[in-house]
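Reading the structure
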Amino acid sequence: MKLINRDFYLKKLLSVKDIPDIKVITGVRRCGKSKLMDALIDILSEDPNSNIVRIKLNLKIFEKLLKADELYKYIDEQYDRTKTNYLFIDEVQLCSGFERIINSIYEEERYDIYLTGSNAFLLSSDLATLFGGRVFEISLYPFSFKEYLAYFPSDNIDSAFDVFVKKGGMSGSYLYRTDEDARKYVNGIYRTTITKDILKKFKIENEDLLIMIGNFLMDNVGNQTSIRNVATKLTAGSYKTNDKTVGAYINCYCKSFLFYPIQRYDIKGKRYLETEKKYYLSDLAFRFSEIGTKNADYGHLYENIVAIELLRRGYEVYVGKLYEKEIDFVAIKEGIKIYIQVSDDISRKETLDRELSPLLQIKDAYPKMLIARTKHEESQSEGIRIIDIARWLTTE
């Protein structure tokens, strides 16, 4: 399999190297957590003063370490007091009682610890409970468009972007020779996440309802989602449910890293709004593999891509509300806000004016940007940057 350097994430890992936290790499299944760990090991191995202990609990060779005491014994035996010791464990949840062992090793202060594991056991919300708050989480996402171009170099950024929108960033699918087989691979990841991460972890019995809710979210990326309205629509379709169940199931999707919730923010009132969040897929390939191309609103699909990219770049991301108008994103990092609108085709003046209007009503001096499918170099209108989405995705 072809590999590319995921330097963005490696820099994050290297920035916390030797800091006394348990580093946990999280993200949707098959997004490259183990490969990222291997890349870090390659870098650390160049230092002769590094002692690297690598354990893959899903491999037969490490089967005896599935018992907690055996795992601890092995790690203890590999320790070298003359060197800097690094511990890497894949699929740590396969060891019964792993929490006790990892916490003990942490308290002994002998190893710099890095973990990956099933999302059913290493959910973001559970990490503090498992490891007493002594965790640094590295959120890993599927390939960005910039990484996709590193994998599939192209002289035509516009054609490459059109393919990326549907192919997505689940790099394991790139090995398949036909689009149909690639979609089957991606759909297999999606369904496995449902059965092994969500149903198992949260003891959900109604798999059909769970899948229906997931399909609804996929079909409505970019739309404000009222939990009550989702329940009402499903009930109207002769499937009895309620808003409490729908909300719980949606929360399960988010905890498994399939969807990311984006809260609303009142720009004028400078307050956060709890109702009608938006939910964005970790990768659009899941949508195309599960529900196909029906009702593909590309403006909303591009919005999904921008939302995930902003999260990848480390922004706090909100949906902006200004009076009766909506700003697609309010992105905040290090105290600086950026207001962003996302659109498909803005070649018609009325469409351009409609997209610019909400941004022009914001009176503060923070940067404003319209990201659209222009296929041109960046321009400006009344101080607002207008930039093509494919070109924006390749910056930074």
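Below, the structure is looked at part by part. Source: prediction; values computed, not measured.

Our focus in this paragraph is the side chain of Lys337. Tracing the sequence through the fold places Lys337 in strand β10 (residues 336-342). Of the side chains with opposite charge, Asp364 comes closest to the buried, unpaired Lys337, at an N-O distance of 5.1 Å. Polar side-chain contacts of Lys337 include one of 3.3 Å to the side chain of Tyr265. Contact partners of Lys337, with chain neighbours within four places excluded, come to Tyr265, Val330, Ala331, Ile332, Tyr366 and Pro367.

Here we take up the pattern of salt bridges. Enumeration according to the criterion identifies 29 salt bridges in this entry. Put simply, Glu63 and Lys60 hold a salt bridge, and the shortest N to O gap is 2.6 Å. Residues Arg110 and Asp76 are paired through a salt bridge, measuring 2.9 Å at the closest nitrogen-oxygen approach. Linking Arg110 in the loop between α4 (98-108) and β4 (111-115) with Asp76 in helix α3 (residues 68-78), this pair joins segments that are 34 residues apart in sequence. For Asp76, a relative accessible area of 34% translates into the label partly exposed. Several salt bridges share partner residues, and in doing so they unite Asp158, Asp162, Arg373, Glu377, Asp388 and Arg391 into one network.

Among the secondary structure elements, Lys278 is positioned in strand β7 (residues 271-281). Residue Lys278 is classed as buried on the basis of its relative accessible area of 1%. A polar side-chain atom of Lys278 sits 3.1 Å from a polar atom in the side chain of Glu303. Contact partners of Lys278, with chain neighbours within four places excluded, come to Gly222, Asn223, Gln224, Tyr260, Pro261, Ile262, Glu303, Val319, Glu326 and Asp328.

In this section: the sheet that holds strand β1 (residues 22-26). Strand order in the open sheet formed by five strands is β2-β3-β4-β1-β5, and the pairing between neighbours is parallel. Edge positions in the open sheet fall to β2 (50-56) and β5 (135-139), since each of these has one partner strand only. Going from strand to strand, the sheet's axes swing by 20 degrees on average, the running direction of each strand aside. Where β1 and β5 come together, five bridges link them in parallel fashion. Looking across to β5, one finds that Val24 is bridged to Glu137.

Walk down a regular strand and you will see the side chains alternate between the two sheet faces. Of all seven residues in strand β8 (residues 316-322), five are buried, a share of seventy percent or more. Bridge count for strand β6 (residues 259-266) against β8 is three bridges, and the pairing is parallel. By the bridge assignment for β8, Tyr265 is matched with Gly320. As judged from the six bridges shared by β8 and strand β9 (residues 325-333), these two strands associate in the antiparallel manner. When the sheet's bridge partners are listed, Leu322 is paired in β9 with Lys325. If you look at the hairpin formed by β8 and β9, you'll find two residues sitting between the two strands, and Tyr323 has a positive phi there, around 55 degrees.

Cut-offs applied
- Residues numbered from 1 in each chain as written.
- Predicted model: local features only at pLDDT ≥ 70, side-chain atom pairs only at ≥ 80, totals over all residues.
- Heavy atoms only, no water.
- Helix = DSSP H or I, 4+ residues; strand = E, 2+ residues; numbered from the N terminus.
- Buried < 20%, exposed > 50% of the residue type's maximum accessible area, 1.4 Å probe, protein only.
- Lys, Arg positive; Asp, Glu negative; His and termini not counted.
- Salt bridge = Lys/Arg side-chain N within 4 Å of Asp/Glu carboxyl O.
- Polar contact = N/O pair within 3.5 Å; in protein donor to acceptor, adjacent residues only side chain to side chain.
- Contact = heavy atoms within 4.5 Å.
- Pairing = 2+ DSSP bridges.
- Axes fitted to C-alpha atoms, helices over the stretch in contact; angles between N-to-C directions.

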